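Structure at a glance
Single-letter residue listing:
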Amino acid sequence: MSDLILGISAAYHDSAAALVRDGVPVAAAQEERFSRKRHDPSFPAQAVRYCLDELGASFEDVSAVAYYEDPRLKFRRVLATLIGAAPTSLTSFRETLPSWLGTDGKLRALQVVRRELESLHLGPVPEVVARRHHESHAASAFFPSPYRSAAVLCVDGVGEWATTTLWHGRNSALRQLAEIRFPHSLGLLYSAFTYFCGFKVDSGEYKLMGLAPYGKPRYADLIRERLIDVKPDGSFHMDMRYFEYLRGHVMTGRGFEKLFGGPRRSPEGPLTEREFDLAASVQSVTEDVMLRLARTARERTGESTLCLAGGVALNCVANGKIADSGIFDEVWVQPAAGDAGGALGAALAVAMERGAARGHVGSGRDAMSGSLLGPAYSDAQIAEYLQGHGIPHHRLNRGRLVDDVAAALADGKIVGWFQERMEFGPRALGARSILGDPRDPAMQSAMNLKTKFRESFRPFAPAVLASDAKDYFDLRQDSPYMLLVAQVAAAQQLTTTDTGATGIDLLRVQRSTIPAVTHVDGSARVQTVTADSNPAYHQLLTAFKARTGCPVLVNTSFNVRGEPIVNSPHDAYTCFMRTNIDMLALGNFLLYKDEQPPWSEESDWRAEIPLD
């Protein structure tokens, strides 16, 4: 068998495993999809099993295991931070130190990884090595990209010490050019506002991004004056007097409250104009910093292409600004840009170091296989599940199934779409998706409140045939991973009168011919779909266009609020029955809600799923 490298991220959030064969990603998944615990930080035992099973491999076939960060270097940063913040950090010191020390402590992460892998009884465990956190991000961004050489920018909360790094990628090598260190962190600045606005850190940042268009950036100058000093080259320095994350487990304290007019919003409390404006303000500052960093990356490397990774690279609005700026000819974002993608990056870094080739370069495609790197379920497996549980269903050929689903979508139905291999990363890309008609003005509200059971302000993303994308969106390039935001094209915009609406009331204003996926600022988080990247999904979009003239569908992740995206047929059927999804396309099987038996559960499932 070819050379296999296993990558692992674990212990903080979004644990994952990834398998690389001769430098090519062949399997990857987050542990949460198996455990059903969102952002699961535990050792990714089930994800590791999946990756090896996908290739029929054991540890005898794996030449190395790569861990996504250096635990010793990270411990030195944690210890230095706690000591530097003494005596106010004493409580945090007592709570944090035990998690690092001892037999199972984070300081001994490599030994823990080896022991956990040995417990799987899949053969002798090979050498376990550590890569630096930002090196893993950079490797995940550049090595699978379609570029022979590129600037690489990694921005997140913090790894060991680095919070922002600039790299130059050439062929099979990466060279670091610049670094910004903790505690100065654009990711933690954004997380501080996430926390202050009442959302969960490391989970609710995308909510803050979605909230921003409802407000005005009236605090942006104040943020620049008091919180973060941004230089022309994008480097920055934060005033730590306003932040609490050096001293404890909260992000902000009294200084923040005084600056922004009162205490933080309580989680699930009412949203006010202040939260809208705070979101708009920190989003504006983030975009400004990212644009400055991008210009510096262009100047320092001379490259015309940019690769992005790190948690901040999931800020698709900022990504869209960079892509639209013309600083680079093209931007490529790792679809698993957060810590889950670190597992893949660590494996790729080791593979390239050991002589793997980037054989895909020159083909015009990346090496991510559409990010469809997770488990697939055959029709035989699906049939066994459906028949074993007495679930009413119809088995159809692919053409008939696609036509029936397209007809249902055109009739205003909501469809669960479960096909082929699951996506790696936080976005549903047409393998584990809930779909709807973007032309329906009521679809956004119906899917938010009755399907996803989430806040009404949350936007939905459009999936569009790549060949028709420019007719509907002002995109300079393809966006296969739903990580670029663009304005809806002028030809699709509707003339609106000033209703005086503000805040959430802006939702009621119809702005385009595809209102269900048009945000209140006229933008959309676009996914472009090709037949090469996802044949089944492309076929459905083509059928919907043939029936309606519209090559766009609403695409949201197949889950409810607080739950991981579905993995198995059982997960999909459970979500189907818990929600107002009308139809479920499960492989080549079609299920209608009105044909299903009554659904009941022993306990209230909503109480068992923590809010995101």
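As shown above, the structure is provided for reference.
Along each chain, the written sequence defines residue order, and numbers are assigned to residues from 1. Whole-chain, interface and lining totals are the exception, using all residues; otherwise, since this is a predicted model, local features are given only for residues with pLDDT of at least 70 and side-chain atom pairs are given and counted only at 80 or more. To get the side-chain values, take all heavy atoms of the structure and skip hydrogens and water.

Regarding the environment of D471
Working definition: helices are DSSP H or I runs of at least four residues, strands are E runs of at least two. Numbering for both runs from the N terminus. With respect to the helices and strands, the residue D471 is situated in helix α17 (residues 469-472). A relative accessible area of 46% places D471 in the partly exposed class. The spacing of D471 and I8 is 463 residues in sequence and 41 Å in space, taken between C-alpha atoms. In this description, contact between two residues means that some pair of their heavy atoms is separated by no more than 4.5 Å. Not counting residues up to four positions away in its chain, the partners in contact with D471 are A489 and Q492. Classification of residues uses two cut-offs on accessible area relative to the type maximum, computed with a 1.4 Å probe and protein chains only: under 20% is buried, over 50% is exposed, and between them is partly exposed.

Structural notes on helix α16 (residues 443-451)
Here α16 has its buried residues at M443, Q444, M447, N448 and T451. Taken down its axis, α16 places every buried residue within 125° of arc, on the same side. Two residues or fewer after α16 comes F453, characterised by a positive phi angle close to 55°. Arc, as used here, means the arc of the directions from the helix axis to the C-beta atoms.

With respect to the packing of aromatic side chains
Here a pair means two rings of Phe, Tyr or Trp (six-membered ring of Trp) with centres within 6.5 Å. Their orientation is stacked below 30 degrees between planes, edge-to-face above 60, and tilted elsewhere. Evaluated as defined, the whole model comprises 22 aromatic pairs. Where Y214 meets F276, the ring centres are 6.0 Å apart and the plane angle is 35°; that geometry is what we call tilted. In this pair, Y214 is assigned in the loop between α8 (205-211) and α9 (220-227) and F276 in helix α11 (residues 273-301), connecting sequence segments 62 residues apart. Note on Y214: relative accessible area 5%, which makes it buried. F276 gets classed as buried once you look at its relative accessible area, which sits at 7%. Grouping aromatic residues by their ring pairs yields a cluster made of F182, F193, F196, Y219, F243, Y245, F256 and F260.

Section: the pairing of strand β12 (residues 330-333)
Direction of pairing for strand β11 (residues 305-309) relative to β12: parallel, over a ladder of four bridges. Residue C307 lies in a different strand from β12, and its bridge partner there is W332. Each parallel crossover has a hand, and for β11 linked through helix α12 (residues 316-325) to β12 it is right-handed. When DSSP finds at least two bridges between two strands, those strands are taken to pair. The path from the first strand over the helix to the second decides the hand: if it runs clockwise while the strands point away from the viewer, the crossover is right-handed.

A few points about the pattern of salt bridges
What makes a salt bridge here is a side-chain nitrogen of Lys or Arg within 4 Å of a carboxyl oxygen of Asp or Glu, nothing more. Counted under the stated rule, the structure contains 30 salt bridges. Close ionic contact of E69 with K74 constitutes a salt bridge, the shortest N to O distance being 3.2 Å. Both residues of the pair, E69 and K74, belong to the buried class. The partner of E244 in a salt bridge is R247, and the shortest N-O contact between them spans 3.3 Å. By sharing partners, the salt bridges in this structure join K207, E268, E455, R458 and R561 into a single network.

Let's talk about the environment of V48
Structurally, V48 can be placed in helix α2 (residues 45-55). Sequence separation of V48 and A139 is 91 residues, and the distance between their C-alpha atoms is 20 Å. Beyond its immediate sequence surroundings of up to four residues, V48 is in contact with L6, I8, A17, F59, L117 and L120.

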